[in-house]
Amino acid sequence: QVQLVESGGGTVQAGGSLRLSCAASERTFSNYDMAWFRQAPGKEREFVSQITRNGSPSYADSVKGRFTISRDNAKNTVYLQMNSLKPEDTAVYYCAARIFTLYNYWGQGTQVTVSS
């Protein structure tokens, strides 16, 4: 089964940038749609961004224009470039993968904290 490991989280000031990485163990990584979700304390997990197996990106309205998702199939890795970070972006960010409709493969998350 697919194993996902996130990295790149940290603490930044408002307006700063971070790049998250998600490394997949699956050799057929290129066949999966990939996505980023996030969960803040006391809140439900929410969708952030998705990139399909053929490279088509999509974003939640809250991050559109600030975040960019990309993938490197040769490295079995998906990235999330986060610019102009806001305090409300503070959350644990999770990488996820799917081959059908539901995202059912998940990493353990990486903490992003944005201070005001």
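Residues numbered from 1 in each chain as written. Predicted model: local features only at pLDDT ≥ 70, side-chain atom pairs only at ≥ 80, totals over all residues. Heavy atoms only, no water.

I tried to follow the pairing of strand 7 (residues 67–72) on my own but got confused; where do I start?
Sheet faces and side chains relate simply in a regular strand, where the side chains alternate between the two faces. Side chains Phe67, Ile69 and Arg71 project from strand 7 onto a buried face, and the interleaved Thr68, Ser70 and Asp72 project onto a face without burial. Looking at chain direction, strand 7 and strand 8 (residues 77–82) are connected through 6 bridges and run antiparallel. Within strand 8, the residue paired with Asp72 across the bridge is Thr77. As consecutive antiparallel partners, strand 7 and strand 8 are separated by 4 residues, and within that stretch Asn76 has a phi angle of approximately 50°, a positive value. (Buried < 20%, exposed > 50% of the residue type's maximum accessible area, 1.4 Å probe, protein only. Helix = DSSP H or I, 4+ residues; strand = E, 2+ residues; numbered from the N terminus. Pairing = 2+ DSSP bridges.)

Looking at this model, I keep getting lost on the pattern of salt bridges. Mind explaining?
Side-chain pairing between opposite charges can occur once the charged atoms of the two side chains come close. Scanning the model with the defined rule gives 4 salt bridges in all. Between Arg98 and Asp33 there is a salt bridge, and its shortest N-O distance comes to 3.1 Å. Taken together, the residues span a long stretch of sequence, with Arg98 in strand 9 (residues 91–98) and Asp33 in strand 4 (residues 33–39) at a distance of 65 residues. Accessibility expressed as a relative area gives 17% for Arg98, which makes it buried. A residue is classified by how much of its surface remains accessible, and Asp33, at 14% relative accessible area, is buried. For Arg66, the salt bridge is made with Asp89, and the minimal N-O distance between the two is 2.8 Å. In this pair, Arg66 sits in the loop between strand 6 (57–59) and strand 7 while Asp89 sits in the loop between strand 8 and strand 9, placing the two residues 23 residues apart along the sequence. With respect to burial, Arg66 and Asp89 carry one shared label: buried. (Salt bridge = Lys/Arg side-chain N within 4 Å of Asp/Glu carboxyl O.)

Before we go on, may I ask you to explain the side chain of Arg66 in this structure?
Classification of Arg66 by relative accessible area gives buried; the value is 10%. If near-sequence neighbours (up to four positions away) are discounted, Arg66 is found in contact with Gln81, Met82, Asn83, Ser84, Leu85, Lys86 and Asp89. (Contact = heavy atoms within 4.5 Å.)

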